[in-house]
Amino acid sequence: MCGIVGYVGPKEALPILINGLKRLEYRGYDSAGVALLNGELTIKKKAGKVSDLESVLRPETLQGTVGIGHTRWATHGEPNDTNAHPHSDQRGEIALIHNGVIENYAAIKKTLESEGYTFHTQTDTEVLVQLVRFFYDRVGSMETAFRQALKQVVGTYGVAMLSKMEPGRIYAARNGSPLALGIGDGEYVVASDASAIVQHTRQVIYLGDREMAILDRDRYVTKTIDDEVVNKQIEEITFDIEQIERGGYDHFMLKEIFEQPETIRNAMRGRLNLEESTVRLGGLRTVTNKLRDARRIIILGCGTSWHAGLVGEYMLEQIAGIPVEVEYASEFRYRDPILYKDDIVIAISQSGETADTLAALREAKRHGATTLGIVNVVGSSIARETDAGVYSHAGPEIGVASTKAFTSQLTVLSLMTVMLARMRRMGAAEGAHILKALTELPEKVEYTLARAEQVQKIAHEIASTQNALYLGRGYNFPVALEGALKLKEISYIHAEGYPAAEMKHGPIALIDANMPVVFIAPKDDIYDKIVTNIQEVRARSGRVIAIATEGDTRIESLAEHVIYVPETHPFLSPILNVLPLQLLSYYVALQRGCNVDQPRNLAKSVTVE
Ligand code: G6P
């Protein structure tokens, strides 16, 4: 949700900013802009992608070794050139970029207008930079003005600011929106996340809420916006540059789909205790007893992470015997939830920065619940604020449609399930049986993905339609939701996921010869039920695509197309069944000429509520 980057050092800033913006573009791509200091302050901005900005830039007129850049996901004001960041004060001497929402911008704007300030954009960000100017004109110190302005603000921000008055300096601050500070050798890069930093340095500081940094070429200071100096720990970036490049694939999404054998392996690495037929999760050591005695687990998440939570509910209830509730974080945070001290709340998030998930987690903490995270991005806000947690270790996920992060989340949930089940009610023999299934999983993922071509061949069945239905039961009901979400997100086809039996209570009315229906129909103990549902669709001329277990020949007479996946333990089947659905949405989007990695209106990391 908006990407910000800033550079201070000996090199020309523009190429570093543009490169950083390209890395951060997954956060939003409504407009892009840069500001450079070179005696004068020059701002260039443009609606559209970073490449649109690049095409209108004349680098020879944009020199300077201090600069900031922004890629926008619009909240206030339509995505045009004017509303693009950076924004500046009315004298054009201060430039500021912002990720987040200034909730009280209207009130501040009114006050500033009564002081004679005029506004040229519809953004909340312009209000902030004008407010800095307002204070600067009164106190004569840019730092004090920056801090005072931030103290007036209600809402969230990751900001970076520079000014003509202090030509070698960047101010940066964070409240609710992520901000990392790369500490190089005589240079600093500030950015929304480490992907824009790793090329320059692996040393990084993650700013906390209401913290700020002042970056000069030869030194930096971190403090709170209340002016108390804080000595932040320098951390090491844990991924490599290759991981955030496309590596020969046409799209990040495809690369990430094909990384899944490895990412699932990574999610399990060092965590299977074959000797004791259980799972060892170091990040949960401090809460083992609480987990064993938990009366209830509440899982919170948004989007794909919420779908992972739904699968987790089936896993944890059926195998570990713990009651589970899964909630949309955005609903949970505002509905006065009833929580008990012995509740365990698990926040699932790829980015670890989703605003609603973070706020819901804080709400749970306020009620005294023990909070855990299943998070992918190391050092992210949710990872830092939970009492304990398990990293999903999928590596950086750049494609806006989540794929490998989902299967890693499911893998971690399955590990947690086994650990809890073994502490509570599962015998060693069953534990060993499940661990074997887990060990075999990456190879089965590989095997399933090797059939991508077959999926590609049937993509046309869906590519020419306006609607599609995804149906599954039990563990695979959430997979139906996820398959439908993937299709919606990147190919803009209206798709619904439903529990297969529930189809009779509404969606069946939509079925005719033009409606493709994707059934997730593994050979499990409710297989016969889903076969009945398939027949109900066929009886109404619906076109059936089935995801089925290898060796199930019966289904071939019922479905127009069958995509086989290998057999596995039922609770792991979502991990295999979702793979063809990811591929299907990818190939459908390609056939429709959609921008797979940057679907319209979406952003990967939603840091506004
Ligand atoms: C956005 C992304 C989704 C993601 C959701 C939750 O909507 O486009 O892919 O599932 O946010 O994100 P999180 O980082 O919390 O998993």
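Here the structure is a predicted model, which is why all the values come from computation and not from measurement.

Undergrad: Which residues make up the overall build of the chain, and what values do they have?
TA: The secondary structure content of the chain amounts to 19 helices and 26 strands. Projected onto its principal axes, the C-alpha coordinates of the chain cover approximately 80 × 55 × 45 Å. Burial status across the chain gives 62% buried among its 609 residues. Counting every atom, the chain has about 22400 Å² of accessible surface; 46% of that belongs to carbon and sulfur.

Undergrad: If you had to explain the sheet that holds strand β13 (residues 220–224) to someone new, which residues and values would you point to?
TA: One open sheet holds the 6 strands; their spatial order is β5-β6-β7-β8-β12-β13, and the pairing between them is antiparallel. Looking along the sheet, the strands with just one partner apiece sit at the ends: β5 (87–88) and β13. Of the strand pairs in this sheet, strand β8 (residues 166–175) and strand β12 (residues 211–215) are connected by 5 bridges, and their pairing is antiparallel. Bridging across to β12, Tyr171 finds its partner in Ile214. Across the sheet, helix α4 (residues 124–139) touches β5, β6 (94–99) and β7 (157–163), and the angle it forms with β6 is around 140°.

Undergrad: Can you break down the pattern of salt bridges residue by residue, with the values?
TA: Per the counting criterion, the structure on display carries 45 salt bridges. One salt bridge in this structure joins Asp216 and Arg169, with 2.9 Å as the shortest N-O distance. Remark: Arg169 occurs in strand β8 and Asp216 occurs in the loop between β12 and β13; sequence separation between them is 47 residues. This pair shows no difference in class: Asp216 is buried, exactly as Arg169 is. Linked by salt bridges that have partners in common, Asp89, Arg91, Glu93, Arg133 and Asp137 make up one network.

Undergrad: Residue-level account of the site of the ligand, with values.
TA: For the ligand, the set of nearby residues contains 13 residues, the closest of which are Ser305, Ser349, Gln350, Ser351 and Thr354. Thr304 places a polar main-chain atom, nitrogen or oxygen, 3.0 Å from an oxygen atom of the ligand. Between Thr354 and the ligand, the recorded distance is 2.4 Å, taken from a side-chain N or O atom to an oxygen atom. Its free accessible area being 380 Å², the ligand has 91% of it covered by the protein chains. For the shell around the ligand, the element with the highest residue contribution is helix α9 (residues 303–320), accounting for 3 residues. Residues of the shell around the ligand, tallied by class, amount to 4 nonpolar, 8 polar and 1 charged.

Undergrad: I'd love a proper account of the domain arrangement of the chain, names of residues and values included.
TA: According to the domain assignment, the chain consists of domain 1 (3–237), domain 2 (247–449) and domain 3 (451–596). Taking only C-alpha atoms into account, the centre of domain 2 sits 25 Å from that of domain 3. With 39 residues of domain 2 in contact, the opposing surface of domain 3 contributes 33 residues. Here domain 2 packs against domain 3, burying approximately 3100 Å² in sum over the two surfaces, 74% of which is carbon and sulfur. The three residues of domain 2 that bury the most area against domain 3 are Tyr314, Tyr447 and Thr448, which together make up 19% of that side's buried surface. The tally of links from domain 2 across to domain 3 stands at 0 salt bridges.

Undergrad: Lay out the sheet that holds strand β22 (residues 467–472) in plain terms, naming residues and giving numbers.
TA: An order of β23-β22-β24-β25-β26 is seen for the 5 strands of this open sheet, with the pairing classed as parallel. One side of each edge strand has no neighbouring strand; the edge strands of this open sheet are β23 (494–499) and β26 (561–565). Across this sheet, the average inter-strand angle for adjacent strands is 20°, counted without regard to direction. With 6 bridges joining them, β22 and β23 adopt parallel strand pairing. Each residue of the ladder has a partner; that of Leu469, found in β23, is Glu496.

Undergrad: Tell me about the pairing of strand β24 (residues 516–521), residues and numbers included.
TA: Within β24, 6 of the 6 residues are buried, which leaves it mostly tucked inside the rest of the structure. Burial along β24 is two-sided: the residues Pro516, Val518 and Ile520 and Val517, Phe519 and Ala521 are all buried. Pairing geometry for β22 and β24, over 3 bridges, is parallel. Pairing of Leu469 across the sheet is with Val517, part of β24. With 6 bridges connecting them, β24 and strand β25 (residues 543–549) associate as parallel partners. Looking across to β25, one finds that Ala521 is bridged to Ala548. Handedness of the β24-helix α18 (residues 527–538)-β25 crossover: right-handed.

Undergrad: I'd like a description of empty space enclosed by the protein, backed by residues and values.
TA: As enumerated under the stated definition, the model contains 2 cavities of 30 Å³ or more in all. By volume, the largest cavity amounts to about 80 Å³. Lining the largest cavity are 14 residues, and of these Cys2, Trp73, Thr75, His85 and Gly100 sit closest to its centre. Going through the elements one at a time, β6 and α4 are the ones with two or more residues in the lining of the largest cavity. By volume, the second largest cavity amounts to about 30 Å³.

Undergrad: Residue-level account of the packing of helix α3 (residues 105–114) against α4, with values.
TA: Packed helices, taken two at a time, are described by their axes: the angle between them and the distance between them. With their axes 9 Å apart at the nearest point, α3 and α4 run at an angle of 45° to one another. One finds that α3 runs oblique with respect to α4. Handedness of the crossing formed by α3 with α4: left-handed. Contact residues: Tyr105, Ile108, Lys109 and Leu112 in α3; Asp124, Val127, Gln130, Leu131 and Phe134 in α4. Taken together, the residues of the contact of α3 with α4 break down into 6 nonpolar, 1 polar and 2 charged.

Undergrad: Would you mind going over the nonpolar core in detail, with residue names and values included?
TA: Judged by nonpolar contacts, the single largest core of 91 residues is most densely connected at Leu284 and Tyr470. Take this core: its biggest share by element is 11 residues, from helix α19 (residues 573–591). Both domains that meet at this core, namely domain 2 (247–449) and domain 3 (451–596), each give it at least three residues. Non-local contacts of Leu284, meaning those with residues more than four positions away in its chain, are made with Leu291, Leu372, Ala388, Gly389, Val390, Met416 and Met419. If you look at the next biggest cluster of nonpolar residues, it comprises 31 residues, including Val5, Ala13, Ile16 and Ala194.

Definitions and limits used
- Residues numbered from 1 in each chain as written.
- Predicted model: local features only at pLDDT ≥ 70, side-chain atom pairs only at ≥ 80, totals over all residues.
- Heavy atoms only, no water.
- Helix = DSSP H or I, 4+ residues; strand = E, 2+ residues; numbered from the N terminus.
- Buried < 20%, exposed > 50% of the residue type's maximum accessible area, 1.4 Å probe, protein only.
- Areas by Shrake-Rupley, 256 points an atom, 1.4 Å probe, with all protein chains shown as cover.
- Pairing = 2+ DSSP bridges.
- Contact = heavy atoms within 4.5 Å.
- Axes fitted to C-alpha atoms, helices over the stretch in contact; angles between N-to-C directions.
- Salt bridge = Lys/Arg side-chain N within 4 Å of Asp/Glu carboxyl O.
- Near = heavy atom within 4 Å.
- Polar contact = N/O pair within 3.5 Å; in protein donor to acceptor, adjacent residues only side chain to side chain.
- Nonpolar A, V, L, I, M, F, W, Y, C, P; charged D, E, K, R; others polar.
- Domains from an automatic or database assignment.
- Buried area = accessible area lost by both parts, 1.4 Å probe.
- Right-handed = clockwise from strand over helix to strand, strands pointing away.
- 1 Å grid on protein atoms, 1.4 Å probe; cavity = no way out; pocket = protein on both sides within 12 Å on 5 of 7 lines; lining within 4 Å.
- Points joined across faces, edges and corners; volume = space filled by probe spheres on them.
- Parallel < 35°, antiparallel > 145°, perpendicular 65-115°, else oblique.
- Left-handed = near helix turned anticlockwise from the far one by under 90°.
- Core = buried A, V, L, I, M, F, W, Y, C linked by side-chain atoms within 4.5 Å.

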